[in-house]
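# Survey of secondary and tertiary structure
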Amino acid sequence: MGTYIVRRLLQAIPMLLIVSIVLFGLVNLAPGGPLSQFSRSRRMTAERAESLKRQFGLDKPVPVQYVVWLVGNDWMKVDTTGDGILDSHGTRKGILRGDFGFSYKTREPVLDEIGERLPNTLYLLGFMMLFTGLIAIPIGIISAVKQYSAFDITATTLSFMGQAIPDFWFGLILILVFYATLNNPFTGEALLPSGGMYTLGAEFSIWDRIKHLILPVTMGLVGWVAWYSRYLRSSMLEVINADYIRTARAKGQNERKVLYKHAFKNALIPVVTLFALDFPYMFTGYIYAELIFSWPGMGRLYYDAATSRNYPVLLGVLIIGAGIVIISNLLADIAYAYLDPRVRYE
Amino acid sequence: MITNEKTFEQSGEINNIIRPPETMMSLAWKRFRRHPGAMVGAIVMIFMILTAVFAPLSPYDPVKSDIKNRFQAPSWEHPFGTDGLGRDLMTRTFYGGRVSMTVGIMVVAITLGIGIPVGTIAGYYGGWIDNILMRIIDATLALPALLFMILLAAILREADLPIVESNSKMTIALVLGVLSWPTVARLVRAVFLTLREMDYIQAAQALGASDLRIILRELLPNGFGPIIVQSTLGLGYAIMEESGLSFLGFGIMPPTPSWGNMLNNAQEHLIQYPWLAIFPGIMIFLTIISVNYIGDGLRDALDPYKVLAEIGE
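## Structural notes on the overall build of chain A
The secondary structure content of chain A amounts to 15 helices and two strands. Taken over the C-alpha trace, chain A has a radius of gyration of 26 Å; the compact-globule value for 346 residues is 20 Å, which it surpasses by more than 25%. C-alpha extents for chain A along the principal axes are approximately 85 × 65 × 35 Å. In chain A, the share of contacts with a sequence separation of at least 24, taken over all contacts with a separation of at least 6, comes to 65%. Carbon and sulfur atoms make up 64% of the accessible area of chain A, which amounts to about 18300 Å² in all. With 32 positive and 26 negative side-chain charges, chain A shows a separation of 6 Å between the mean positions of the two kinds.

## Observations concerning the interface of chain A and chain B
Facing the 45 residues of chain A at the interface are 42 residues of chain B. Taking both sides of the interface into account, the surface hidden between chain A and chain B amounts to around 3800 Å²; carbon and sulfur atoms contribute 81%. Counting the surface chain A buries against chain B, the share from its top three residues, Phe160(A), Phe168(A) and Trp169(A), is 16%. Where chain A packs against chain B, one counts one salt bridge. Its salt-bridge partner being Asp296(B), residue Arg230(A) comes within 3.6 Å of it at the nearest N-O pair. Taken together, chain A and chain B are joined by four residue pairs in polar contact (both at pLDDT 80 or more). If you list the elements that add at least two residues to the side of chain A that touches chain B, you get α1 (2-29), α6 (150-164), α7 (167-181), α8 (206-240), α12 (287-292), α13 (298-307) and α14 (311-339) of chain A.

## Quick word on the nonpolar core
In this structure, Leu23(A), Tyr302(A), Val317(A), Leu151(B), Leu248(B) and Phe250(B) are the most contacted members of the largest nonpolar core, which totals 148 residues. Per-element accounting of this core gives the leading share, 14 residues, to helix α13 (residues 275-302) of chain B. A domain split of this core shows at least three residues from each of domain 1 (23-99) and domain 2 (111-339) of chain A. Filtering out sequence-adjacent residues up to four positions away, Val317(A) remains in contact with Ile114(A), Phe283(A), Met298(A), Leu301(A), Tyr302(A) and Leu147(B).

## Considering a nonpolar patch on the surface
Residues Ile46(B), Ile49(B), Leu50(B), Val53(B), Phe54(B) and Leu57(B) make up a contiguous nonpolar surface patch of about 590 Å² in total accessible area. Within the secondary structure layout, Ile49(B) lies in helix α4 (residues 36-53).

## Observations regarding the domain arrangement of chain A
On domain assignment, one finds that chain A holds domain 1 (23-99) and domain 2 (111-339). Computed over C-alpha atoms, the centres of domain 1 of chain A and domain 2 of chain A are 41 Å apart.

## Observations regarding helix α10 (residues 255-278) of chain A
Residue and element names in this part refer to chain A. With 24 residues, α10 ought to run about 34 Å at 1.5 Å a step, and its terminal C-alpha atoms sit 33 Å apart, in line with that. The sharpest bend along α10 reaches about 40° and sits at alanine 263. Taken together, the buried positions of α10 are occupied by Val258, Leu259, Ala263, Phe264, Ala267, Ile269, Val271, Leu274, Ala276 and Asp278. Where α10 is buried, its residues contact α5 (110-145), α8, α9 (243-250), α11 (281-284) and α14. At the N-terminal end of α10, a side-chain oxygen is found 3.2 Å from the backbone nitrogen of arginine 256, two or three residues along, and the residue is asparagine 254.

## A closer look at the environment of Ala28(B)
All names here are of chain B. Mapped onto the elements, alanine 28 comes out in helix α3 (residues 24-33). Under the relative-accessibility criterion, alanine 28 is labelled buried at 3%. For alanine 28 and proline 304, which are 276 residues apart along the polypeptide, the C-alpha to C-alpha distance reads 9.1 Å. In contact with alanine 28, not counting residues within four places along its chain, are Ala301 and Leu302.

## Let's talk about the packing of aromatic side chains
Residues and elements named next belong to chain B. Using the criterion set out here, one finds 18 aromatic pairs over all chains in the structure. Centre to centre, the rings of tryptophan 29 and phenylalanine 32 are 6.0 Å apart; their planes meet at 25°, and the pair counts as stacked. Here phenylalanine 32 and tryptophan 29 lie together in helix α3, a separation of three residues that amounts to about one turn. Residue class for tryptophan 29 comes out partly exposed when judged on its relative accessible area of 44%. The class of phenylalanine 32 is buried, set by a relative accessible area of 8%.

## Considerations on the pattern of salt bridges
For the structure on display, the rule yields 13 salt bridges over all chains. Between Glu255(A) and Arg249(A) there is a salt bridge, with its nearest N and O atoms 2.9 Å apart. Between Arg87(B) and Asp83(B) there is a salt bridge, and its shortest N-O distance comes to 3.1 Å. The residues Arg87(B) and Asp83(B) share a single accessibility class, namely buried.

## Overview of the packing of α7(A) against α13(B)
At a closest axis distance of 10 Å, the pairing of α7(A) and α13(B) adopts a crossing angle of 145°. As for the relative orientation of α7(A) and α13(B), their crossing is left-handed in sense. Packed against α7(A), whose contacting residues are Phe168(A), Trp169(A), Leu172(A) and Ile173(A), the element α13(B) presents Ala277(B), Ile278(B), Gly281(B), Ile282(B) and Ile284(B) at the interface.

Calculation rules
- Within any chain, residue numbers begin from 1 and follow the written order of that chain's sequence.
- Going through the entries in the order they are written, you letter the chains from A and number the ligands from 1.
- The predicted nature of this model means local features are confined to residues of pLDDT at least 70 and side-chain atom pairs, given and counted, to a pLDDT of 80 or more, with totals for whole chains, interfaces and linings taken over all residues.
- Hydrogens and waters are ignored; side-chain quantities use all the structure's heavy atoms.
- Secondary structure is summarised from DSSP: a helix means a run of H or I of at least four residues, a strand means a run of E of at least two, and numbering begins at the N terminus for each.
- A radius of gyration in this sense is built from C-alpha atoms; the matching globule rule multiplies 2.2 Å by the number of residues raised to 0.38.
- Contacts between residues were defined by any pair of non-hydrogen atoms, one from each residue, lying within 4.5 Å.
- Under the convention used here, a 1.4 Å probe and the Shrake-Rupley method define accessible areas, while residue burial counts only the protein chains that appear.
- Counted as positive: Lys and Arg. Counted as negative: Asp and Glu, with His and the chain ends omitted from the count.
- Charge positions come from single atoms, namely NZ of Lys, CZ of Arg, CG of Asp or CD of Glu.
- A simple way to read buried area is as the amount of 1.4 Å-probe accessible surface that goes missing from two parts once joined, with both sides added.
- The term salt bridge refers to a pairing of a side-chain nitrogen on Lys or Arg with a carboxyl oxygen on Asp or Glu at a separation within 4 Å.
- Each polar contact in these results corresponds to two N or O atoms within 3.5 Å; when the atoms are within protein, one needs to be able to donate a hydrogen and the other to accept it, and residues that are neighboring in sequence are counted only if both atoms are side-chain atoms.
- In plain words, nonpolar cores are sets of buried Ala, Val, Leu, Ile, Met, Phe, Trp, Tyr and Cys residues tied together by side-chain atoms within 4.5 Å.
- In this scheme, a residue with accessible area under 20% of its type's maximum is buried, one over 50% is exposed, and one in between is partly exposed, where area comes from a 1.4 Å probe on protein chains only.
- Residue ranges assigned to each domain were obtained from an automatic or database domain assignment.
- Each patch groups residues whose relative accessible area exceeds 30% and which form no salt bridge, using 9 Å between like charges and 5 Å between nonpolar side chains of Val, Leu, Ile, Met, Phe, Trp and Tyr.
- Multiplying 1.5 Å by the helix residue count minus one yields the expected span of that helix.
- At any given residue, the bend is defined as the angle formed between two axes, one fitted to the seven residues that end at that position and one fitted to the seven that begin there.
- Geometry of aromatic contacts follows a simple scheme: Phe, Tyr and Trp rings, the Trp one being its six-membered ring, pair when their centres are within 6.5 Å, and the pair is stacked under 30 degrees between planes, edge-to-face over 60, tilted otherwise.
- Here the axes come from fitting lines to C-alpha atoms, over the contacting stretch only for helices, and the angles between their N-to-C directions go from 0 to 180 degrees.
- Note: crossing handedness is left-handed where the near helix turns anticlockwise from the far helix by less than a right angle, and right-handed where it turns clockwise.

The structure is reproduced here in structure tokens:
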């Protein structure tokens, strides 16, 4: 097991390197690269542009820029004044030492920007995942245990619908219904707020927080519950028909124990894989919901960076995101091997 | 078995009740027809395709503005209402379907065009080439998909290269296709890996068949079912993703209508003019749900084990 984990970790390193080279190359070789936002300004002269390029190290070939981006430039002389003379050591530490550069927009370090937004995304996605589990697990189990019952047919049909609803449209419809149409019968205000994390200027109240969470969480729940319940149903069906379940029944084990102790635990194993696919959203955020409900999370950060071509932020979020995807797949494989001993012997 | 067949042939009467030979396709179609969801899905999908094909018959122009008639609520004249520039929304919705479906089909073509050869090479030849291709696939799958597509779209929007002109359907199809081919590649590879060692392949090799012949005639047809199912579902994903990107402003740009950018446009006036938002979303929903049901029906219909059970083998 130990060697397996080490081998997988070693495999992850070249993969992250490839990803970083592709992303960096893409951003830097593309027309409209990092400096294009400056060149749009009318006050920008050719000499000033050259000087800026030297200051940012953009006059060097892309591979050199990549190395600087990766490991920093505090070990080499750079041109800080832009006059063409290498005058002092650089200040960049490189992404390997956690220096993702500065946001073009706020001039803050990219990591600080991420640190500011990440809690909001964790807060939103955490509740989404929690409720997905609370709703999808019972639906999936009952559907499988009572296969082809009225409940199962309804659940399966609803799950097909849930997978087909475009969530960004569903979010708009939620606003139309719960903000624009329905009113709170006591106060006459809109039933639920149309955006934000809390009422600005109001004192902290849990109820206010919950009210702001309901719509964005619901928007994401529909698709997730649909996927997870359907996935759990089919994995549960597979387990229920397995020999060891029949053995447990034949030995006179009571049905509850058979289903919940033997079947359910094993049916959850394949769901680990699906969960590993969705886990990285906890970092990258839920762009559609964060836009529609003006939620200041990671998705918004990335979206705003993309519209203003704020490359340091884009690259930072993408690279960390890719790292999290790789780690979460690795953890899923380890969990899988731990939960299902058959995998280990292959 | 052989003796049995002889007896059947010798006695004329029994010969009459032997079923006429059935092809894999006719059996699959039989099974497909019995899947209610798939049949309803197919009918709805045909209807959606017809609205897209016959969109130009509309008396209204999808792009030209008509300021006098802006923000008209749905009526007999404009069944879906009009938008902020007075354009008929039904016309735009149907034209949007043309765009979304075309992009979807292009994405599927790109997916198969890359996925099948890559999966074939990896699965058939194995060894170091398989290893490299698999690492590329892993790296591709490691990219957070939506974020990467946004980055790519934002970059290509600036570029005006020959194939990827900004705001063309081809550009968006490429953005979506870059990340969608690994699924098909893995699928084809898996089919090849399981079949490569089978006796009939070795027999073909012993008879002197070329690699190309073995790949095209003996191996690839076995992947036909899963590839068809995957492509159908892939069409659904592609349409959803295109709509999502266009909704974010990184897909098809106005004035060209697409379901996604119409929803983006609707967001601004959501409360006053809700009809702007309703119809494009329903169209996306209907398209995706029919495609998914068709895919489900195809999966059942093309499952070789189920077909064999049907014949009674």
